[in-house]
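# Remarks on the overall topology
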Amino acid sequence: LRGLLLAGTDQSVPLLAEALELVGGRVPVIVEIKNRGRAGGMERAVHEIVSGYAGDVAVASFNPFSLAWFKENAPGIMRGQSAGLGKGARSAVHHWFVRRLILLNTVSRPHFVNYGLRSLPYSAVTRLRGAGMPIIAWTARSEADAAKARAAADNFMFEGIRP
């Protein structure tokens, strides 16, 4: 990451610990873990870093086994199950069904669900929300997206707009 520069700057991509230090506990942070395969190593490293954060922190992942690791080893950290289809998503059919239908929530036991805005509204998500599960939509890139997210979710991630 140190060799990659942020677009149009001479600044390198900050490491997680550096980003959290910069934020300094002023706002809640969701750390998204993107991995495949066996959970443990990355989750342990993320936990070591976020456990020192001065503010509210949650972890989120498409991988329910990453969240299960946090459920078992750091139950005090909020967990968000990411799901839905992102732009240009390509995966094996069984992974598509797992993400689309959120079949492994029994493994991850999330506190909230991050769901792809382009896949909303979706009846399974609407039922979860009606049962009290907070839903965060991703990613609103226009005012029209933001309006759709407000209707289908409790909060949303955004990019390129100021909602």
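Use the structure listed above.
This structure is a prediction, so every number in the text was calculated from the model and none was measured. (Residues numbered from 1 in each chain as written. Predicted model: local features only at pLDDT ≥ 70, side-chain atom pairs only at ≥ 80, totals over all residues. Heavy atoms only, no water.)

With five of its five residues buried, strand β2 (residues 57–61) lies for the most part within the structure. Here β2 shows a buried face lined by Val57, Val59 and Ser61 and a second buried face lined by Ala58 and Ala60. The sheet contact formed by strand β1 (residues 29–33) and β2 spans five bridges and is parallel. By the bridge assignment for β2, Ile33 is matched with Ser61. Crossover connection from β1 via helix α2 (residues 41–50) to parallel β2: handedness right-handed. Looking at chain direction, β2 and strand β3 (residues 78–83) are connected through four bridges and run parallel. For Val59, the partnering residue across the bridge sits in β3 and is Arg79. With respect to chirality, the unit in which β2 leads through helix α3 (residues 64–73) into the neighbouring parallel β3 is right-handed. (Buried < 20%, exposed > 50% of the residue type's maximum accessible area, 1.4 Å probe, protein only. Helix = DSSP H or I, 4+ residues; strand = E, 2+ residues; numbered from the N terminus. Pairing = 2+ DSSP bridges. Right-handed = clockwise from strand over helix to strand, strands pointing away.)

The next subject is the packing of aromatic side chains. In total, this model carries four aromatic pairs according to the counting rule given. Each ring, one from Tyr115 and one from Tyr122, has its centre 5.9 Å from the other, and the planes form 10°; the classification is stacked. Pair check on accessibility: Tyr115 and Tyr122 agree, each one buried. Considering the side-chain rings of Phe156 and Phe158, the 6.3 Å spacing of their centres and the 65° angle between planes classify their relative orientation as edge-to-face. The exposure class of Phe156 is buried, given its relative accessible area of 13%. (Phe/Tyr/Trp six-rings, centres within 6.5 Å; stacked < 30°, edge-to-face > 60°.)

Reading across the sheet, the six strands line up as β1-β2-β3-β4-β5-β6 and stay open at both edges, with parallel pairing between neighbours. A single partner strand is all that each edge strand has here, and the edge strands are β1 and β6 (155–158). Going across the sheet, the axis of each strand differs from the next one's by a mean of 25°, ignoring polarity. In the packing of α2 onto the sheet, contacts are made with β1 and β2, and the angle to β1 comes to roughly 165°. (Axes fitted to C-alpha atoms, helices over the stretch in contact; angles between N-to-C directions. Contact = heavy atoms within 4.5 Å.)

Glancing now at α3. Listing the buried residues of α3 in full gives Pro64, Ser66, Leu67, Ala68, Trp69 and Phe70. If you follow the buried residues of α3, they end up packed against β1, α2, β2, β3 and α5 (105–108). The N-cap residue of α3 is Asn63: its side-chain oxygen and the backbone nitrogen of Phe65 are 2.8 Å apart. (Polar contact = N/O pair within 3.5 Å; in protein donor to acceptor, adjacent residues only side chain to side chain.)

Quick look at the packing of helix α1 (residues 16–23) against α2 now. A pair of packed helices is captured by two measures, namely the crossing angle of their axes and the spacing between those axes. Contact geometry for α1 and α2: axes closest at 10 Å, N-to-C directions at 25°. The angle between α1 and α2 places the two elements in the roughly parallel class. The hand of the α1/α2 crossing is right-handed. Taking contact as the criterion, the partners of Leu16, Ala17 and Leu20 in α1 are, on α2, Val46, Ile49 and Val50. (Parallel < 35°, antiparallel > 145°, perpendicular 65-115°, else oblique. Left-handed = near helix turned anticlockwise from the far one by under 90°.)

Bringing a nonpolar patch on the surface into the picture now. A grouping of Leu1, Leu4 and Leu15 is seen on the molecular surface, where their side chains present a nonpolar patch of about 290 Å² in accessible area. Here Leu15 lies in the segment before α1. Given a relative accessible area of 36%, Leu15 falls into the partly exposed group. (Patch = residues over 30% accessible without salt bridge, like charges linked within 9 Å, V, L, I, M, F, W, Y side chains within 5 Å. Areas by Shrake-Rupley, 256 points an atom, 1.4 Å probe, with all protein chains shown as cover. Salt bridge = Lys/Arg side-chain N within 4 Å of Asp/Glu carboxyl O.)

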